[in-house]
Amino acid sequence: MAVAPSHPNGPHGTTEGESMYKAQYATTTRRQRLTPGSNLCACPTCGEEFRSPEGFELHRRGMINVRRCLTPREMVARGMRRNAEGWWVTK
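What you see is a predicted model; the values in this text were computed from it and never measured.

**A few points about the nonpolar core**
No. 1: Ranked by size, the top nonpolar core spans ten residues in total: Cys41, Cys43, Cys46, Phe50, Phe56, Cys69, Leu70, Met75, Met80 and Trp88.
No. 2: Non-local contacts of Met75, meaning those with residues more than four positions away in its chain, are made with Glu48, Phe50, His59, Leu70, Met80 and Trp88.

**Some details on the side chain of Arg60**
No. 1: Tracing the chain through its elements places Arg60 in strand β3 (residues 60–61).
No. 2: The charged side chain of Arg60 is buried without a salt bridge, its nearest counter-charge being Glu57 at 6.9 Å.
No. 3: Excluding anything up to four places from it in sequence, Arg60 contacts Thr45, Arg67, Arg68 and Cys69.

**Here's the deal with the environment of Thr90**
No. 1: Summarising the element assignment, Thr90 is placed in the segment after β6 (88–89).
No. 2: Taking C-alpha positions, Thr90 is 8.4 Å from Arg51, a pair spaced 39 residues apart along the chain.

Definitions and limits used
Residues numbered from 1 in each chain as written. Predicted model: local features only at pLDDT ≥ 70, side-chain atom pairs only at ≥ 80, totals over all residues. Heavy atoms only, no water. Core = buried A, V, L, I, M, F, W, Y, C linked by side-chain atoms within 4.5 Å. Buried < 20%, exposed > 50% of the residue type's maximum accessible area, 1.4 Å probe, protein only. Contact = heavy atoms within 4.5 Å. Helix = DSSP H or I, 4+ residues; strand = E, 2+ residues; numbered from the N terminus. Lys, Arg positive; Asp, Glu negative; His and termini not counted. Salt bridge = Lys/Arg side-chain N within 4 Å of Asp/Glu carboxyl O.

So far we have only geometry, and geometry alone does not tell us how the molecule works.
Listed below in structure tokens is the structure:
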């Protein structure tokens, strides 16, 4: 499993720059495996990767023009976890 290189803003997308960095990294690694019709999802905003569209939707909160991504800590609090491959899953 590929691991993102360390970044000075921290590991969890806590700043806009970090979110953009993670999204760019995700674009060049796992997203190469994303294909139409697949259940795999990668968030273009925060760069987190999900095993299902349901997990992707669960990690977004708020009204349409003020939506935000949950932090990894918030996702764990809602029962999500990372599987052995590093994808976020809901079950």
